[in-house]
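Structural overview for review
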Amino acid sequence: MNLKLLLIGCLSTAFCFSQNRKETKRYTLDVSQYYGSVLLHNPDISHLITNHPGGIILGFNRKTYGDEEWQQLYNYPDTGFSFVYQNMNNSTLGENFGLYAHYNFYFFKRNLQFRLGQGIAYNTNPFDKNENFRNNAYGSHFLSSTYLMLNYNKENIFKGLGLKAGISLIHYSNANVTAPNTSTNTMALNVGLTYDLDGGEEREYIRTEKLKVSEPIKLNLAFRSGINESDVVDSGQYAFYIFSAYVDKRFTRRSALQLGTDVYFSNFLKELIRYQSVAFPEYGVQPDDDYKRVGVFLGHELFINKMSVIAQLGYYVYYPFDFEGKVYNRIGLKRYFSDKVYGAITLKSHGAKAEAVEFGVGIRL
């Protein structure tokens, strides 16, 4: 299993947009140029912040008009795909080429657009201990990437042409699949054009009566796995296994609250414990220290069609080996294949420090 296959699986699973052949369809294109700065989220990358990165964002969007109830609940968002090119303007960091699936959400009479994109990126010059040892931001060619755009968006000003301008945030990381992985975050200003492939033809939005949701408390059982590596370069990639049990209560059509527990079997910690016991005896780590962890968490699930976005905040109640602190968080996507069975791709981290990308399956009883 390698990072390329993991991230391609992440992209293809996370954004399987459901389509109905009877739906009203309308497509738009957009192109934006951006220029910004790499944020100093970690002092370890201060030597890499030397110039201002820039690039382009290309988007292909499909409008929605309320053919499905979730479209009405979220004010008729767009679904689409995008391409992002970023020149870091730093020979150590190289260039990034990314492919994404995205949603566009609209506010203030559809003049304010918020885009959330998730995908994979290719970096041209990752870390190499012999030839590029200064690049501690990217440990591999293939990276997981997320980008956000908040734009003033005015479509169809003249014969299908429109204008957009605003700010963007672009994140690149391999989520500790391999070390090093301090990652980068770019904040940028962007300006661009939109074009309606139907020449600006307007269509009616469908509005129907919204039904209330009434569900009992549900029990969820989930299993997650993947590979990761500690921050010690060349310490090796190891599989991890996570068993989770939690209850959730859906209180609106959009939202549910969660409460549960995680049990972690993270094999990279075995190697890290052994390494520290030998290399740093002053830490007081013993080679037979337990690597397992148990946490409890509180979470929220946001339902979008057959997709949902989850966010969880946890605390380790069993924590024999100190690794990045007792508080952890998890964010990610779920895809329901039926009313009970789902798949999930999540990022588990400690604050801004990623530990692993998790691929999971679960059942909601």
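These lines cover the structure that appears in this document, whether it is placed above or below. Small disclaimer: the values here were computed from a predicted structure and weren't measured.

1. Things to note about empty space enclosed by the protein
To find the voids left in a structure, one rolls a probe of water-molecule size over its atoms. Across all of its chains, the model carries four cavities of 30 Å³ or more by this definition. Approximately 40 Å³ is the volume attributed to the second largest cavity. Lining the second largest cavity we find 13 residues, and of these T28, D30, N61, Q113 and E155 sit closest to its centre. Secondary-structure elements contributing two or more residues to the lining of the second largest cavity are β1 (27-38), β4 (95-107) and β6 (142-158). In terms of residue count, β1 provides more of the lining of the second largest cavity than any other element does, three residues in total.

2. Focus on the pattern of salt bridges
Following the criterion strictly, the structure yields 19 salt bridges and no others. With its nearest N and O atoms 2.4 Å apart, the salt bridge here joins D196 to R26. One end of the pair, D196, is in strand β8 (residues 184-196); the other, R26, is in the loop between α1 (3-14) and β1, and 170 residues separate them in sequence. Summarising the burial analysis for this pair, D196 and R26 share the class buried. Of the charged contacts, one joins R115 and D30 as a salt bridge, the two residues approaching to 2.8 Å between their closest N and O atoms. Placement of the pair is R115 in strand β5 (residues 112-123) and D30 in strand β1, with a sequence separation of 85 residues. On the basis of relative accessible area, D30 is assigned to the buried category, the value being 5%.

3. Observations regarding the pairing of β4
Bridging between strand β3 (residues 78-87) and β4 involves ten bridges; their strand directions are antiparallel. Bridge pairing in β4 places F81 opposite A101. As paired elements, β4 and β5 share twelve bridges and run antiparallel to each other. Counterpart to L99 in the pairing with β5 is I120. Hairpin connection between β4 and β5: a loop of four residues separates the two successive antiparallel strands, and F108 in this loop has a positive phi of roughly 50°.

4. With respect to a nonpolar patch on the surface
The grouping of I217, L219, L221, V247, L259, L298, F337, V341, I363 and L365 at the surface amounts to a nonpolar patch, some 900 Å² of accessible area in total. Mapped onto the elements of the fold, L221 is located in strand β9 (residues 218-228). What makes L221 partly exposed here is its relative accessible area of 40%.

5. Notes on the sheet that holds strand β15 (residues 341-350)
Taken together, the eight strands give a closed barrel; going around it, the order is β9-β10-β11-β12-β13-β14-β15-β16, and neighbouring strands pair in antiparallel fashion. Across the sheet, the mean angle separating the axes of adjacent strands is 25° when strand polarity is ignored. Two strands pair when backbone bridges link them, and β15 and strand β16 (residues 353-364) are joined in this way by ten bridges, in the antiparallel orientation. What sits directly across from T346, in β16, is E358.

What counts and how
Residues numbered from 1 in each chain as written. Predicted model: local features only at pLDDT ≥ 70, side-chain atom pairs only at ≥ 80, totals over all residues. Heavy atoms only, no water. 1 Å grid on protein atoms, 1.4 Å probe; cavity = no way out; pocket = protein on both sides within 12 Å on 5 of 7 lines; lining within 4 Å. Points joined across faces, edges and corners; volume = space filled by probe spheres on them. Helix = DSSP H or I, 4+ residues; strand = E, 2+ residues; numbered from the N terminus. Salt bridge = Lys/Arg side-chain N within 4 Å of Asp/Glu carboxyl O. Buried < 20%, exposed > 50% of the residue type's maximum accessible area, 1.4 Å probe, protein only. Pairing = 2+ DSSP bridges. Patch = residues over 30% accessible without salt bridge, like charges linked within 9 Å, V, L, I, M, F, W, Y side chains within 5 Å. Areas by Shrake-Rupley, 256 points an atom, 1.4 Å probe, with all protein chains shown as cover. Axes fitted to C-alpha atoms, helices over the stretch in contact; angles between N-to-C directions.

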